[in-house]
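If you want the building blocks of each chain, they are given just below.
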Amino acid sequence: MTSTVTPPDIEPAAPRPPRRRRPRTTDRGFNRVFRWVATGAGVVILAVLAAVAIFLVGQALPAITASSDELSGAVNRFGEGQSLLSFTGPLVFGTLLAAALALLIATPVAVGIALFISHYAPRRLASALGYVVDLLAAVPSVVFGLWGFLVLGQNVLKPVWAWLGDVAGWFPLFSGQVSATGRNLATVAVVLAVMILPIITAVCREVFLQTPRLHEEAALALGATRWEVIRTAVLPFGRSGIVSAAMLGLGRALGETMAVLMILSPGFLYSFKILAAGQQQTIAAFIAADFPEASGLGVNTLIATGLALFVITLAVNMFARWIVARRKDFSGAN
């Protein structure tokens with residue numbers, strides 16, 4: 001008789017805990033190199049900006065601390081008993097007036113061109129027109145200065161300014177004796193407007209092309225015309241982008257040198273008479289005109305005026321960034 005042996009109960013093995021996978025990181029290889037390169041580029045920009053500010057402040061300090069008698073003997077057009085602030089004031093006024101007039105002329109034209117390229121022109125025409133507008137940014141400022149002095153000021157705008165002075169001479173901007181050569185601030189403003197036109201147009205065009213397609217289609221579905229689509233969908237979306245483009249062009253107009261130097265008949269007055277000669281002067285043109293003959297304290301005085309232009313440009317850009325940041329969540333500026 002065979003006996004059966006009952007095997008002992010075997011407890012099942014405990015399940016192995018799942019292996020913890022090391023989190024996959026993307027910060028390695030070329031990604032890490034690119035991150036460090038991008039960070040380094042940002043640090044370099046800040047370092048260069050800080051170096052420029054330190055240089056301007058250090059070189060302008062002797063002129064800031066000098067007395068009026070010392071400055072009057074070192075700088076042309078510096079009157080006796082005049083302070084550095086009163087000397088720089090007319091230059092700041094002329095710079096801001098020329099840049100504001102150029103911006104007032106260029107912004108509506110640039111927005112219109114950008115809208116035509118992005119929403120009205122056929123694709124081939126829009127591409128060709130975009131290239132032509134971008135090519136304007138490659139023209140040297142000396143060429144614009146020669147064109148403005150020899151062609152635009154003397155042959156094209158001079159009769160326009162004469163007519164404007166006769167018809168609207170009662171208005172402060174158009175009052176006074178009209179320049180016989182066309183070398184006035186009005187001509188400078190037109191030339192600066194042409195120079196900043198491609199910058200504003202390029203930025204506005206890219207912003208308008210980023211308008212969400214659903215916004216435009218929704219407006220069309222409600223029966224809106226093309227202009228109503230632009231007015232209700234495109235322009236509100238690109239409002240901050242237009243401001244950014246305008247401030248970028250304003251920065252170019254504030255620092256323009258050669259074109260202003262070649263066209264404008266300079267003066268040191270707080271004058272709104274943009275059709276008259278010998279009224280205003282800009283900071284950049286003044287530095288370019290007087291720097292070759294300056295020495296000693298005169299160089300420090302010119303650098304002090306450059307520091308004023310640096311502060312103005314920095315303030316303009318900070319103001320533009322503040323405006324853009326207010327609408328960054330529902331605009332095409334960023």
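Residues numbered from 1 in each chain as written. Predicted model: local features only at pLDDT ≥ 70, side-chain atom pairs only at ≥ 80, totals over all residues. Heavy atoms only, no water.

Check the secondary structure of the chain and you find twelve helices and zero strands. Looking at the 334 residues of the chain, the share that counts as buried comes to 40%. Within the chain, contacts between residues separated by at least 24 positions form 76% of all contacts whose residues are at least 6 apart in sequence. (Helix = DSSP H or I, 4+ residues; strand = E, 2+ residues; numbered from the N terminus. Buried < 20%, exposed > 50% of the residue type's maximum accessible area, 1.4 Å probe, protein only. Contact = heavy atoms within 4.5 Å.)

On to a nonpolar patch on the surface, then. A contiguous nonpolar surface patch, about 540 Å² in accessible area, is contributed by V142, L146, W147, L150, V151, V156 and M258. Looking at which element gives the most residues to the nonpolar patch, the answer is helix α5 (residues 141-167), with six residues. Following the sequence through the fold, W147 ends up in helix α5. (Patch = residues over 30% accessible without salt bridge, like charges linked within 9 Å, V, L, I, M, F, W, Y side chains within 5 Å. Areas by Shrake-Rupley, 256 points an atom, 1.4 Å probe, with all protein chains shown as cover. Salt bridge = Lys/Arg side-chain N within 4 Å of Asp/Glu carboxyl O.)

We now examine α5. The end-to-end C-alpha distance of α5, which contains 27 residues, comes to just 32 Å, noticeably less than the 39 Å that a straight helix rising 1.5 Å per residue would cover. The largest bend along α5 reaches roughly 55° and is located at L157, with the proline P159 sitting one to four residues downstream. Within the span of α5, buried status applies to S141, F144, G145, G148, L152, G153, L157, W161, L164 and G165. (Expected span 1.5 Å × (residues − 1). Bend = angle between axes of the 7 residues up to and from the residue.)

Glancing now at the packing of helix α3 (residues 84-120) against helix α8 (residues 226-237). Contact pair α3 / α8: the axes reach a minimum separation of 12 Å and the direction vectors enclose 110°. As summarised for this structure, α3 and α8 are arranged roughly perpendicular, according to the angle between their axes. Two secondary-structure elements touch here, α3 through L115, H119 and Y120 and α8 through R226, W227, I230, V234 and L235. Classifying every residue of the contact of α3 with α8 by side-chain character gives six nonpolar, one polar and one charged. (Axes fitted to C-alpha atoms, helices over the stretch in contact; angles between N-to-C directions. Parallel < 35°, antiparallel > 145°, perpendicular 65-115°, else oblique. Nonpolar A, V, L, I, M, F, W, Y, C, P; charged D, E, K, R; others polar.)

So, on to the packing of aromatic side chains. For the structure on display, the rule yields nine aromatic pairs. With a centroid separation of 5.8 Å and an interplanar angle of 80°, the aromatic rings of W170 and F171 are classed as edge-to-face. Through successive ring pairs, a cluster of aromatic residues spans F87, F268 and F286. (Phe/Tyr/Trp six-rings, centres within 6.5 Å; stacked < 30°, edge-to-face > 60°.)

Across soluble globular proteins, nonpolar side chains show a tendency to be buried alongside one another. Membership of the largest hydrophobic core comes to 76 residues, with the highest contact counts inside it found for W161, L185, I200, C204, F208, I274 and L275. With 16 residues, α3 is the single largest residue contributor to this core. Not counting residues up to four positions away in its chain, the partners in contact with L275 are W161, L164, G165, L173, F174, Q177, V178, S179, N184 and A186. (Core = buried A, V, L, I, M, F, W, Y, C linked by side-chain atoms within 4.5 Å.)

Secondary-structure assignment places T301 in helix α12 (residues 297-326). Look at T301 and you get buried, because its relative accessible area is 0%. Excluding anything up to four places from it in sequence, T301 contacts A63, L71, V75, L84 and F87.

Positionally, Q154 belongs in helix α5. Overall, Q154 belongs to the partly exposed group, its relative accessible area being 29%. For Q154 and G182, which are 28 residues apart along the polypeptide, the C-alpha to C-alpha distance reads 5.5 Å. Not counting chain neighbours up to four residues away, the residues in contact with Q154 comprise F149 and T181.

Turning next to the packing of helix α4 (residues 123-136) against helix α6 (residues 185-209). How two helices pack is summed up by the angle between their axes together with the distance between the axes. Here α4 crosses α6 at 140°, and the two axes come no closer than 8 Å. Judged by the inter-axis angle, α4 sits oblique to α6. Within the contact between the two elements, α4 uses G130, V133, D134 and L136 and α6 uses P198, T201, A202 and R205. Tallied by class, the residues present in the contact of α4 with α6 amount to four nonpolar, two polar and two charged.

Next up on the list: the side chain of T95. Looking at the secondary structure, you find T95 in helix α3. Residue contacts for T95: discarding those within four places in its chain leaves L254, Q281, T282, I283 and L309.

For the rest of this paragraph, the subject is the confidence of the model for the chain. On average, the chain scores 83 in pLDDT, and the residues at 70 or more come to 88%. Helix α2 (residues 68-72) is the least confidently modelled element of the chain, averaging 78 in pLDDT, while α6 averages 91, the highest of any element. (pLDDT = per-residue confidence, 0-100.)

Applying the stated criterion to the full structure yields five salt bridges. For the salt bridge of E206 with R205, the shortest nitrogen-to-oxygen distance reads 3.6 Å. Across the pair R252 and E256 runs a salt bridge whose closest N-O atoms are separated by 3.4 Å. Where salt bridges share partners, they join D134, R205 and E206 into one cluster.

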